[in-house]
Amino acid sequence: MARFLFFLSLFFVLPQVGHATHNRAGEIVVEYAGDCGGDLNPNRVCATIITYTEFPSDAFRDSLLIEWGDGSSDIAFLTSSVPAEPGINKNEYFICHDYDGPGQYLISFTDPNRVGGILNVNPPNSIRVPFSVFTVYTLTDPNVFGCNSSPTLSASPLTRACVGEIWSHNPGAFDPDGDSLSFEFATPRAAPDSLVPLYVLPNEIGGGPDSIRQLTIDPVTGQIIWQTPNVRGEYNLAFFVISWRNGIAIDTTIRDMQIFVEDCMNSPPEILLDVEEICVVAGDFIEFTVEATAPLEDEDQLVKLTATGGPFLVEDSPAVFVPTSDTIFSTDPVTRIFRWQTTCEHISNQPYFVAFRAEDNFFNGTTGLSTIRTVSIKVVGPPPEDLQAIADDDLVTITWENPYTCDSLSGELDFLGFSVWRREGSNQFDIDTCVTGLEGRGYIQVADRLLEEDMDRYIFFDEDVDRGRTYCYRVLAQFGRRNALGFLFERLESIPSEEICVQLPRDIPLLTKVDVTQTGTTNGEISVCWIRPEAEALDTMVNEGPYRYVLSRADGQTENPADFSFLAEFVVQEFGDEIDTFFLDQGLNTQDQAYSYRIELFVENENEPIGPAQPASSVFLTGSPTDEANQLNWTELVPWTNSAYDIFRREPGGVVFDSIDTVIEPSYLDEGLINGEEYCYFIRSVGSYNVDDIPSPLLNRSQELCLTPFDNVPPCPPVLQVSSICDRGQDCDDPNSQANELQWLSSFNVCGDDDVEGYRIYYSTGTGTDFVQIGQITGSLDTFFTDTPPDGIVGCYVVTAFDENNNESEFSNEVCVTNCPQYELPNAFTPNGDGMNELFVPRVNCFIERVEFEVFNRWGQVVFTSEDPQLNWDGTNANGDLLASGTYYYTCLLFERRLEGVVAREEPLSGFIELMTNE
């Protein structure tokens, strides 16, 4: 307990110590330490506070206070302190804690103070700002969601840059649970719930109008690039590392790092690397060479090449970067080889990231500028092999190779079995090892977690099939991560197998053409064609004549039998007799709707057809005109597979349609057109049944559609900044200065949009209230506006851009202005009748709505009160009697006008007043 009290006293004393300003960077790493799903310490976690501080320093800590987020705190003692750079140590403080149960907890520490001279933190007084980092940690129920630890960051948060040279950094983040990670910039903290004052991103120091685009963070890899630093000095940069599990953010770690920018003539090293993304099947061996070299102009510099990332941290078969001893500065070029023998245990939904860092020895031979290149490596499950299919009358049998490569796993990943997927018609896409599963490929799942075997092969029987149809199959291997009770909390799929297609015996006729040959509202025409069944499949000895083919039609695109009406019939006595398989459907409204058709075969004068029909519709084209472009979309409902679409266009005033493009998706944006001119289109689909004895390709046209583009696209919104008198440091007592100055980046500077006629300015009295237009500026180059709100300077602003057709952009970013209330009282006044200093009034009175002002005499009696912020006390008491000269005590509670309304200041003013009269 004495040690704890000593620590607290040190905490409050340190901000007054001249050299007690030492924090530069840090983060908190949290690790689950319980028995995952067991009864031994099920809610225990351990935290490591990592700090980078000046060393030696009067403020060096042998312990830190950690807040656990459940109302409790502990002292974490120093376990390691090693040099990170000359004069800077990396310190680690370790402690464990038992929570009452699962939940989300904000684990934090705060320490006075930061180092002085940080350019982008409370300039010029960063020395007075505390240092604080936190991790929002989710203690999961291991029996439901598995166990959880926060990410680790393997790269140092201390980096150096030169003015005018590109700077890059990658934290080398790795999540031990295989959760996915995302990254975004954050504002450094002075306390867990308090942002450091006057913080701006480093690129906003000394930058021009484009500086907001010079500093970026890749949300997937965490790679940060600053191009380029403009002003020498020390900067702090903070960012969040967020862990995601099943689409839910479960952990958020903030790293607060430091960048030393020097005014130096040096270029960062170069990394020669041929790959940025690798996707491999589990079991593949990865090997590639990485070379680091100093630029040609830096002849005398040495280079060090290192690598960090998840592949080096896995338990099974970790990666190596050889030669392993080559981690010191060496003569360039430095060449090392990355090697990783992947295993089935490495299969993951998320890629592994490896950050390669080349550093020179420019600064005192011990550190220098660095360059970081990141490689993404995804390890996927291998596909099932040797897929085979056999079709019977009403059954398809699918088999594939047994054993499967990854059917025996150790560790957290389990092999679950196989899923079988089916579609009508083929989709012969190229298998991409970066893409697992079959989402968006047109397949439906017909079996899940299948492990049935037959004759040393895995087997699946598909009984839900229709005669005459063509079915194509693929198989996926399935994996999962389980919680302590064996329930899955994450599922993974392999890359798909090769496709196998079969056609069931075709004893029914099939449509092959539904082609719009003329567009009109009353005189439209559609050509319909079909093919007869296979004689062998129909078995004409059993199904004798006459053979009657019935064609029916429905409005729109439909498969519902009740929607179809009789259209025509064709009859022959013998199956082999010649018969018409073409019909021209006339008198249709092909301009406004599609049509669907069915062809059915009836034998032996029966009332029921041989097998269910497979309807097919015409292609129906829709579109919407826009600025110098037409957006085309189309739909169809067909039993075959359309693999491509040809777009035909007729130019304004033309008579011939020309092919302008071919696409595979049912949409197309035709750009570069002339507004006000009419363009006409039709689509021709290219399809196939993917069966040898059926004609291919099947070509079918949509109706014709004419569109006239026009400008209906608004400019992109500007980017707004607002400056108030509080920002400008002007006299708040001067009513002429109480104006808000608005300035914005034009649409051209934001997105290159030069179609701007002017801007409209909108104002609201506060967040959540409606915006009202208060001004309009004509001209794209005028991006300034001054506003004086009716009630002080509070309010919110947005700006829009509009073009010559009055298309108005969305609102810009919203910027709200609040007051900076100021109130200062004198300590004496002389109500003696000489006309000078007769009233007690505030020296400064800005944005104060009212006060609760009370004056007490030496016996504690109230002698004067007022709610008027101007006070105007003439030295008399409530009866109007002049008080005697002397010292009086006052308290004054202020009610300030702010954006959210009138708010009482937490701490009242108080002090003494010398009242001096002639008596």
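### Topic: the overall build of the chain
In terms of regular secondary structure, the chain is built from 5 helices and 66 strands. Since a compact globule built from 919 residues should have a radius of gyration of about 29 Å, the 38 Å found for the chain marks it as more spread out than a globular shape. Reported as C-alpha extents along the three principal axes, the dimensions of the chain are approximately 135 × 70 × 60 Å. The 919 residues of the chain split such that 50% are buried. In the chain, the share of contacts with a sequence separation of at least 24, taken over all contacts with a separation of at least 6, comes to 69%. Working note: accessible area of the chain is about 41600 Å², and carbon and sulfur atoms make up 48% of it. Looking at the chain, you have 48 positive and 145 negative side-chain charges, and the mean spots of the two groups are 3 Å apart.

### Let's talk about a negative patch on the surface
Together, Glu544, Glu574, Asp577, Glu604, Glu606 and Glu608 give the surface a local cluster of negative charge. Inspection of the secondary structure puts Glu574 in the loop between strand E40 (565-572) and strand E41 (582-588).

### Considerations on the state of the cysteines
In protein structure, a disulfide is the covalent linkage between the sulfur atoms of two cysteines. As enumerated under the stated definition, the model contains 8 disulfides in all. The disulfide partner of Cys472 is Cys501, and the gap between their sulfur atoms is 2.0 Å. Around the S-S axis, the bridge from Cys472 to Cys501 shows a dihedral of about 110 degrees and counts as right-handed. Of this pair, Cys472 sits in strand E34 (residues 470-482) while Cys501 is found in strand E36 (residues 500-503), placing the two residues 29 residues apart along the sequence. Of the residues examined, Cys472 reaches a relative accessible area of 0% and is grouped as buried. Here Cys796 is linked by a disulfide to Cys816, with a sulfur-sulfur distance of 2.1 Å. Residues Cys796 and Cys816 are joined by a disulfide whose S-S torsion is about 105 degrees; by sign, that bridge is right-handed.

### Some words on the sheet that holds strand E22 (residues 302-309)
One open sheet holds the 5 strands; their spatial order is E20-E27-E26-E22-E24, and the pairing between them is mixed. For this open sheet the edge positions go to strand E20 (277-281) and strand E24 (330-331), each flanked by a neighbour on one side alone. Bridge count for E22 against E24 is 2 bridges, and the pairing is antiparallel. Residue pairing across strands places Leu302 opposite Thr331, the latter belonging to E24.

### Comments concerning the sheet that holds strand E42 (residues 595-603)
Overall, antiparallel pairing links the 4 strands, which are arranged E40-E39-E42-E43 in an open sheet. Each of the sheet's edge strands pairs with one partner strand only, and the pair in question is E40 and strand E43 (616-617). Direction of pairing for strand E39 (residues 547-555) relative to E42: antiparallel, over a ladder of 9 bridges. Note that in E42 the partner of Ala554 across the bridge is Ser596.

### Some remarks on unusual backbone geometry
Residue Asn113 is bonded to the preceding Pro112 through a cis peptide linkage, with omega at -15 degrees. Tracing the sequence through the fold places Asn113 in the loop between strand E6 (103-111) and strand E7 (131-139). Notably, Asp539 is not glycine yet its phi reads approximately 60 degrees, a positive angle. With respect to the helices and strands, Asp539 occurs in the loop between helix H3 (535-538) and E39. Its identity as a non-glycine residue notwithstanding, Asn837 has a phi of 55 degrees, on the positive side. Along the chain, Asn837 turns up in the loop between strand E60 (828-829) and strand E61 (844-846). The class for Asn837 is partly exposed, based on a relative accessible area of 45%.

### A short note on the nonpolar core
In terms of nonpolar packing, the biggest core is built from 52 residues, with Phe288, Phe338, Trp340, Phe356, Ile377, Trp400 and Phe479 touching the most fellow members. Looking at which element gives the most residues to this core, the answer is E34, with 5 residues. Filtering out sequence-adjacent residues up to four positions away, Phe288 remains in contact with Leu273, Val275, Ile278, Arg336, Ile337, Phe338, Phe356 and Val375. Core analysis: the second largest hydrophobic core is formed by 32 residues, Phe575, Tyr595, Tyr597 and Leu698 among them.

### Notes on the environment of Ser724
Of note, Ser724 is situated in the loop between strand E52 (719-723) and helix H4 (725-728). On the accessibility criterion, Ser724 (2% relative accessible area) is buried. As a C-alpha pair, Ser724 and Ile224 span 500 residues in sequence and 32 Å in three-dimensional space. Leave out the neighbours within four places in its chain, and Ser724 touches Ala739, Asn740, Ile793 and Val817.

### A closer look at the pattern of salt bridges
Going through the model one piece at a time under the given rule, you end up with 30 salt bridges. Note that Asp646 is salt-bridged to Arg684, the shortest N-O span being 2.9 Å. Placement of the pair is Asp646 in strand E46 (residues 641-650) and Arg684 in strand E49 (residues 679-688), with a sequence separation of 38 residues. Overall, the relative accessible area of 9% leaves Asp646 in the buried class. Here Arg684 falls in the partly exposed class, since its relative accessible area comes to 27%.

### Considering the confidence of the model for the chain
The predicted coordinates of low-pLDDT regions are not to be read in fine detail. Residue-level pLDDT values for the chain average 89, and 95% of them are 70 or greater. Confidence drops under a pLDDT of 50 for residues 1-20, and excluding neighbours within four residues, the segment shows 22 contacts in the predicted structure.

### Things to note about the side chain of Thr343
Residue position: Thr343 is located in the loop between strand E25 (334-341) and strand E26 (352-360). What makes Thr343 buried here is its relative accessible area of 19%. Here Glu345 takes part through its side chain, which lies 3.2 Å from a polar atom of the side chain of Thr343. Each residue touching Thr343, except ones within four places of it in the same chain, is listed here: Ala282, Gly283, Asp316, Ser317 and Val379.

### Thoughts on the environment of Leu215
As for its placement among the helices and strands, Leu215 is situated in strand E15 (residues 215-217). Separated by 13 residues in sequence, Leu215 and Pro202 have C-alpha atoms that sit 8.1 Å apart.

### Quick word on the packing of aromatic side chains
Summed over the entire model, instances satisfying the criterion amount to 42 aromatic pairs. Aromatic side chains Tyr404 and Phe418 sit 5.5 Å apart centroid to centroid with 80 degrees between the ring planes, which places their arrangement in the edge-to-face category. Linking Tyr404 in the loop between strand E29 (396-401) and strand E30 (413-424) with Phe418 in strand E30, this pair joins segments that are 14 residues apart in sequence. Assigned by exposure class, Tyr404 and Phe418 land together as buried. Sitting above the plane of the Phe564 ring, Arg598 keeps its charged end 5.3 Å from the centroid. Here the guanidinium or amino end of Arg858 rests over the ring plane of Trp859, the centre of that ring lying 5.6 Å away.

Procedures and definitions
Residues numbered from 1 in each chain as written. Predicted model: local features only at pLDDT ≥ 70, side-chain atom pairs only at ≥ 80, totals over all residues. Heavy atoms only, no water. Helix = DSSP H or I, 4+ residues; strand = E, 2+ residues; numbered from the N terminus. Rg over C-alpha atoms; globule rule 2.2 N^0.38 Å. Buried < 20%, exposed > 50% of the residue type's maximum accessible area, 1.4 Å probe, protein only. Contact = heavy atoms within 4.5 Å. Areas by Shrake-Rupley, 256 points an atom, 1.4 Å probe, with all protein chains shown as cover. Lys, Arg positive; Asp, Glu negative; His and termini not counted. Charge placed at Lys NZ, Arg CZ, Asp CG, Glu CD. Patch = residues over 30% accessible without salt bridge, like charges linked within 9 Å, V, L, I, M, F, W, Y side chains within 5 Å. Salt bridge = Lys/Arg side-chain N within 4 Å of Asp/Glu carboxyl O. Disulfide = S-S within 2.5 Å. Pairing = 2+ DSSP bridges. Core = buried A, V, L, I, M, F, W, Y, C linked by side-chain atoms within 4.5 Å. pLDDT = per-residue confidence, 0-100. Polar contact = N/O pair within 3.5 Å; in protein donor to acceptor, adjacent residues only side chain to side chain. Phe/Tyr/Trp six-rings, centres within 6.5 Å; stacked < 30°, edge-to-face > 60°. Lys NZ or Arg CZ within 6 Å of the ring centre and 35° of its normal.

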